[in-house]
Amino acid sequence: DPLIHFACALSALIHDVDHTGVPNATLIKENATIAKIYRNKSVAEQNSVELAWGLLMEPKYDDLRVCLCTTQEELDRLRHLVVNCVMATDIVDKEL
């Protein structure tokens, strides 16, 4: 499935977007703002997805999105795949 392949490649590229080099546990322990935003759950990973997805949704990438996903259902599926792939990189969270 080409959408799965693309989602995996995109996830690999974005999984550390804006990563500060500080582990999630430290962000949570220090009560960092970003930890509060993401409710102390996969903080860096959620931030990476949010920032990268936000960029992909910018109007200047409309043509790219249309090439990748011809329907809203496909776009929703792409997001779901990317979220799952990036969240899986949080190796400390046993629930993932």
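First, a word on what this report is: a plain description of the structure on this page.

If you tally the helices and strands in the chain, you get six helices and zero strands. Reading the chain from its N end, one meets helices and strands in the order α-α-α-α-α-α. Across its three principal axes, the chain shows a C-alpha extent of roughly 45 × 25 × 20 Å. Relative to its full complement of 96 residues, the chain shows a buried share of 31%. Long-range pairs, those at least 24 residues apart, make up 65% of the contacts in the chain between residues at least 6 apart in sequence. Accessible surface for the chain amounts to roughly 6400 Å². Of this, 59% is attributable to carbon and sulfur atoms. For the chain, the distance from the average position of its 9 positive side-chain charges to the average position of its 15 negative side-chain charges is 7 Å.

Turning to the nonpolar core, a few remarks are in order. In a soluble, globular protein the nonpolar side chains are often hidden away together inside. Membership of the largest hydrophobic core comes to 15 residues, with the highest contact counts inside it found for I14, L78, V82 and V86. Counting only elements with at least two residues in this core, the list comes to α1 (2-14), α4 (43-56) and α6 (72-87). By residue number, the principal contributor to this core is α6, which donates six residues. Look past the residues within four positions of V86 in its chain and what remains in contact with it is S11, I14, H15, E45 and V49. Counting residues in hydrophobic clusters, the runner-up holds five residues, among them L27, A32, A35 and Y38.

Moving on to the pattern of salt bridges. Taken as a whole and judged by the stated rule, the model has three salt bridges. Ionic pairing is found between R77 and D1, a salt bridge with its closest N-O pair at 2.3 Å. On the criterion of sequence distance, the pair formed by R77 in helix α6 and D1 in the segment before α1 is long-range, its members being 76 residues apart. Since its relative accessible area comes to 34%, R77 is described here as partly exposed.

Criteria and thresholds
- Residues numbered from 1 in each chain as written.
- Predicted model: local features only at pLDDT ≥ 70, side-chain atom pairs only at ≥ 80, totals over all residues.
- Heavy atoms only, no water.
- Helix = DSSP H or I, 4+ residues; strand = E, 2+ residues; numbered from the N terminus.
- Buried < 20%, exposed > 50% of the residue type's maximum accessible area, 1.4 Å probe, protein only.
- Contact = heavy atoms within 4.5 Å.
- Areas by Shrake-Rupley, 256 points an atom, 1.4 Å probe, with all protein chains shown as cover.
- Lys, Arg positive; Asp, Glu negative; His and termini not counted.
- Charge placed at Lys NZ, Arg CZ, Asp CG, Glu CD.
- Core = buried A, V, L, I, M, F, W, Y, C linked by side-chain atoms within 4.5 Å.
- Salt bridge = Lys/Arg side-chain N within 4 Å of Asp/Glu carboxyl O.

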